[in-house]
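Coordinate analysis (summary)
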Amino acid sequence: MSGVTSIRVSTDLKDKLSELKVHPKESYEDVIKRLMEHCVDDDPPLSDATIQAIEESLADIKAGRVHSLEDVAEELGLS
């Protein structure tokens, strides 16, 4: 470790962190690191075009403009 510091957390938060421990001797630092690995998204943000395509797809689904895999396979002669 390059350095150590302390942080102030409420008793409730400390109790929640304790519940998230994989084993009783796991450090709070390890718990926090594990949580950060799952919560931090390193992927680039979606482009405006991608967001619009997703919105159009959701509108198609809501409007019932969908085809089942079986229907597509039959149409393509794959069934």
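Quick note: structure is the one above.
Residues numbered from 1 in each chain as written. Predicted model: local features only at pLDDT ≥ 70, side-chain atom pairs only at ≥ 80, totals over all residues. Heavy atoms only, no water.

In this model, the largest pocket occupies a volume close to 330 Å³. The element contributing the most residues to the lining of the largest pocket is helix α2 (residues 28-39), with 3 residues. Here the lining of the largest pocket is built from residues that sort into 7 nonpolar, 3 polar and 2 charged. (1 Å grid on protein atoms, 1.4 Å probe; cavity = no way out; pocket = protein on both sides within 12 Å on 5 of 7 lines; lining within 4 Å. Points joined across faces, edges and corners; volume = space filled by probe spheres on them. Helix = DSSP H or I, 4+ residues; strand = E, 2+ residues; numbered from the N terminus. Nonpolar A, V, L, I, M, F, W, Y, C, P; charged D, E, K, R; others polar.)

The next point concerns the environment of V66. Relative to the assigned elements, V66 resides in the loop between α3 (48-62) and α4 (69-75). Accessibility expressed as a relative area gives 47% for V66, which makes it partly exposed. Sequence separation of V66 and L20 is 46 residues, and the distance between their C-alpha atoms is 41 Å. (Buried < 20%, exposed > 50% of the residue type's maximum accessible area, 1.4 Å probe, protein only.)

Quick look at a nonpolar patch on the surface now. On the surface, I7, V9, L13, I32, M36 and V40 cluster together into a nonpolar patch covering about 520 Å² of accessible area. Structurally, I7 is set in the segment before α1 (11-19). (Patch = residues over 30% accessible without salt bridge, like charges linked within 9 Å, V, L, I, M, F, W, Y side chains within 5 Å. Areas by Shrake-Rupley, 256 points an atom, 1.4 Å probe, with all protein chains shown as cover. Salt bridge = Lys/Arg side-chain N within 4 Å of Asp/Glu carboxyl O.)

The next point concerns the side chain of E26. Take E26: it is sitting in the loop between α1 and α2. Within polar-contact distance, the side chain of E26 engages the backbone nitrogen of V22 at 2.6 Å. Reaching out from E26, the side chain makes a polar contact with the side chain of R34 at a distance of 3.0 Å. (Polar contact = N/O pair within 3.5 Å; in protein donor to acceptor, adjacent residues only side chain to side chain.)

A few words now on the packing of α1 against α2. Contact geometry of α1 with α2 gives a least axis separation of 10 Å together with a crossing angle of 80°. Taken together, the axis directions place α1 and α2 in an arrangement best described as roughly perpendicular. For the pair formed by α1 and α2, the contact residues are K14, L17 and S18 on the first element and Y28, V31, I32 and L35 on the second. Each residue belonging to the contact of α1 with α2 can be placed in one class, and the counts come to 5 nonpolar, 1 polar and 1 charged. (Axes fitted to C-alpha atoms, helices over the stretch in contact; angles between N-to-C directions. Parallel < 35°, antiparallel > 145°, perpendicular 65-115°, else oblique. Contact = heavy atoms within 4.5 Å.)

Worth remembering: the numbers are spatial, not functional.
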